[in-house]
Amino acid sequence: MKFSMEILIPSFSVCALLGVTVYITTDAIEVIKSNGADDEVDIYFLYGFASANLIVDLISTTMFYVRRNEVFLDPSPLLADIAYSSTPGEDDDESAFNSYNTSTKSTKSEKNLNMISAFTHVGGDTMRSIAVFI
């Protein structure tokens, strides 16, 4: 059941994104063909949505900044003391699979790349929101 949900939910998301992309693309082509005569932009809706998005982006960026010392460090040194070993009599393939080598763990100075990429993404969203106002 868990595996099917792991496939089903992202599949639904991809289908929704593809549907929205097709809708926006066909609408844009129609606007280009009609030289924009039928397209009216509600400037208040545009700036209202951009303002709300900018506020959320600034809050996210601020939270990254406030917790930067905890968030960006690699959590693997915290696991360095944990060592899993196989019990006697287990199959050699399983024991190799279950063994945990702590000698390859990183030092505390290394950064967590997942959180750095998330911060970069949020920073890009913030700059995009600011660009809407410009």
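Residues numbered from 1 in each chain as written. Predicted model: local features only at pLDDT ≥ 70, side-chain atom pairs only at ≥ 80, totals over all residues. Heavy atoms only, no water.

Structural notes on a nonpolar patch on the surface
Cut-off, in case you're wondering: The patches described consist of residues with a relative accessible area above 30% and no salt bridge, like charges being joined within 9 Å and nonpolar side chains (Val, Leu, Ile, Met, Phe, Trp, Tyr) within 5 Å. Using a 1.4 Å probe, the Shrake-Rupley method yields the accessible areas, and only the shown protein chains count as cover for residues. We count a salt bridge whenever a side-chain nitrogen from Lys or Arg sits within 4 Å of a carboxyl oxygen from Asp or Glu. Elements are defined by DSSP. Helices are runs of H or I of four residues or more, strands are runs of E of two residues or more, and each kind is numbered from the N terminus.
On the surface, V41, I43, Y44, L46, Y47, V132 and F133 cluster together into a nonpolar patch covering about 670 Å² of accessible area. Counting residues per element, the ones that place at least two in the nonpolar patch are α2 (43–66) and α5 (113–133). Considering every element that reaches the nonpolar patch, the biggest residue donor is α2, with four residues. Residue position: V132 is located in helix α5.

Quick look at the confidence of the model for the protein
Selection rule: Residue-level confidence of the predictor is summarised by pLDDT, bounded by 0 at the bottom and 100 at the top. Every residue pair with non-hydrogen atoms within 4.5 Å of one another is taken to be in contact.
On average, residues of the protein score 75 in pLDDT, and 66% of them reach the 70 mark or higher. Across the protein, element-level confidence peaks in α2 with a mean pLDDT of 88 and bottoms out in helix α4 (residues 92–98) with 48. Long-range and interchain partners of residues 94–106, a stretch whose pLDDT sits below 50, account for 18 contacts in this model, where long-range means more than four residues apart.

Side note on the pattern of salt bridges
Applying the stated criterion across every chain, the model contains one salt bridge. The closest approach of N and O atoms between D125 and R128, which form a salt bridge, is 3.7 Å. One end of the pair, D125, and the other, R128, are both in helix α5, three residues apart, so they sit about a helical turn from each other.

Quick notes on the side chain of S129
Put simply, the rule reads: Any pair of N or O atoms that falls within 3.5 Å is considered a polar contact. Within protein, one atom must be able to donate a hydrogen and the other to accept it, and sequence-neighbouring residues count only if both atoms are side-chain atoms.
Tracing the backbone through its elements, the reader meets S129 in helix α5. A distance of 2.9 Å separates polar atoms of two side chains, one belonging to S129 and the other to D57.

Section: the side chain of D57
Rule in force here: Using a 1.4 Å probe on the protein chains alone, a residue whose accessible area is under 20% of its type maximum counts as buried, one over 50% counts as exposed, and one in between counts as partly exposed. Positive: Lys, Arg. Negative: Asp, Glu. His and the chain ends are not part of the count.
Within the element layout of this structure, D57 appears in helix α2. One buried charged residue, D57, remains without a salt bridge, the closest side chain of opposite sign being R128 at 4.3 Å.

Notes on the packing of aromatic side chains
To keep it simple, the criterion reads: The aromatic pairing rule takes the rings of Phe, Tyr and Trp, using the six-membered ring of Trp, and pairs them if the centres are within 6.5 Å, calling planes under 30 degrees apart stacked, those over 60 edge-to-face and the rest tilted.
This model, assessed by the stated rule, comprises three aromatic pairs. Between the aromatic rings of Y47 and F133, the centroid separation amounts to 5.5 Å while the plane-to-plane angle is 15°, which identifies the pairing as stacked. Pair noted here: Y47 is in helix α2 and F133 is in helix α5, with a separation of 86 residues, a long-range link. Given the relative accessible area of 33%, Y47 is considered partly exposed. With a centroid separation of 5.5 Å and 70° between ring planes, the pair formed by F64 and F119 is classed as edge-to-face. Residue F64 is located in helix α2, and its partner F119 is located in helix α5; the two are separated by 55 residues in the primary sequence. Since its relative accessible area comes to 12%, F64 is described here as buried.

With respect to α2
Let me state the cut-off plainly: Multiplying 1.5 Å by the helix residue count minus one yields the expected span of that helix.
Across its 24 residues, α2 extends 34 Å between first and last C-alpha, which sits within 8% of the 34 Å expected from 1.5 Å per residue. Within α2, the full set of buried residues consists of A50, L54, D57 and F64. Where the residues of α2 are buried, they touch α3 (68–71) and α5.

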